[in-house]
Amino acid sequence: RLFVHFFASSPSLEDEFVEDGGFQSLSYLLTRINPLYINRTILNELGALWDTLNKRHYRSMLSNIWLNFQLWDTLSIESKELLYSSIFVSIIKSNPHLVSSCLPIIDFLIVILRQKEKNIRRYMWDLLIMMAHISFTKTDQDNLFSTCFSNSKSRLISVQLEAFEVLYKFSCEKLYNCHYL
């Protein structure tokens, strides 16, 4: 709550924090903490910070904190559930075009594919669907299609089926040209 309080009471302090690389430093500090301590409380505090932040600083927090998937990969299942089922949903809803410009579908698809927990992937697929409604290109379509039919030994068949379900949803919705596949 410390940053939330400071930023709410002093816009100039928030400006200096962002200009001086405050989110890069915070990201670094979060990587140094035992992932077990990055729990619901910490994630909610980061969410409150996002909600307090002036929109012109969203990009800095988004790129340095929220899109640092190597940090989030180490979290507990419960923390990942909160992150991907709630916090990321509100971040996307708060500024969908910024998220879309900072996180290409292919990059998020790679994050999904390295996630081992099926329940967490389910939330991530829902986020990918949200993002695709903002921006979905032919390249995105081709990458999703390739994921469905890749014969990579490291890729689980269950992940391919999940990708195929998403592709099927896009076909039914006639998103981009998926219904012509």
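Scroll up a little and you will see the structure.
This section reports on the structure supplied with the text. (Residues numbered from 1 in each chain as written. Predicted model: local features only at pLDDT ≥ 70, side-chain atom pairs only at ≥ 80, totals over all residues. Heavy atoms only, no water.)

Quick notes on the nonpolar core
Rules: The term nonpolar core refers to a set of buried residues drawn from Ala, Val, Leu, Ile, Met, Phe, Trp, Tyr and Cys, joined through side-chain atoms within 4.5 Å. Under the scheme applied here, a residue whose accessible area is under 20% of the maximum for its type counts as buried, over 50% as exposed, and between as partly exposed, the area being computed with a 1.4 Å probe on protein chains only. A run of H or I in DSSP counts as a helix once it spans at least four residues, and a run of E counts as a strand once it spans at least two, with each numbered from the N terminus.
Counting 57 residues, the largest nonpolar core has Phe23, Trp66, Trp72, Tyr84 and Phe108 as its most contacted members. The element that contributes the greatest number of residues to this core is helix α10 (residues 118-132), accounting for nine residues.

Some points on helix α5 (residues 58-66)
With seven of nine residues buried, α5 is to be regarded as a mostly interior element. Taken as a whole, α5 has its buried residues at Tyr58, Ser60, Met61, Leu62, Asn64, Ile65 and Trp66.

A look at helix α12 (residues 157-173)
Owing to its 3.6 residues per turn, the α-helix brings residues three or four apart onto one side. What counts, and what does not: In this scheme, a helix's expected span is set at 1.5 Å multiplied by one less than its residue total. Of all possible arcs, the one meant is that of the directions from the helix axis to the C-beta atoms. For this analysis, residues touch if any pair of their heavy atoms sits within 4.5 Å.
Here α12 is 17 residues long and its end C-alpha atoms lie 24 Å apart, about the 24 Å a rise of 1.5 Å per residue gives. What α12 keeps buried is the set Val159, Gln160, Glu162, Ala163, Val166, Leu167 and Phe170. Here the buried residues of α12 occupy an arc of 160° about the axis, which is enough to place them on one side. What points out from α12, more than 90 degrees from its buried face, is the exposed set Ile157, Glu165, Tyr168 and Cys172. Where α12 is buried, its residues touch α9 (105-114), α10 and α11 (138-149).

Points about the side chain of serine 100
As for its position among the elements, serine 100 is in helix α8 (residues 96-102). Here serine 100 falls in the buried class, since its relative accessible area comes to 18%.

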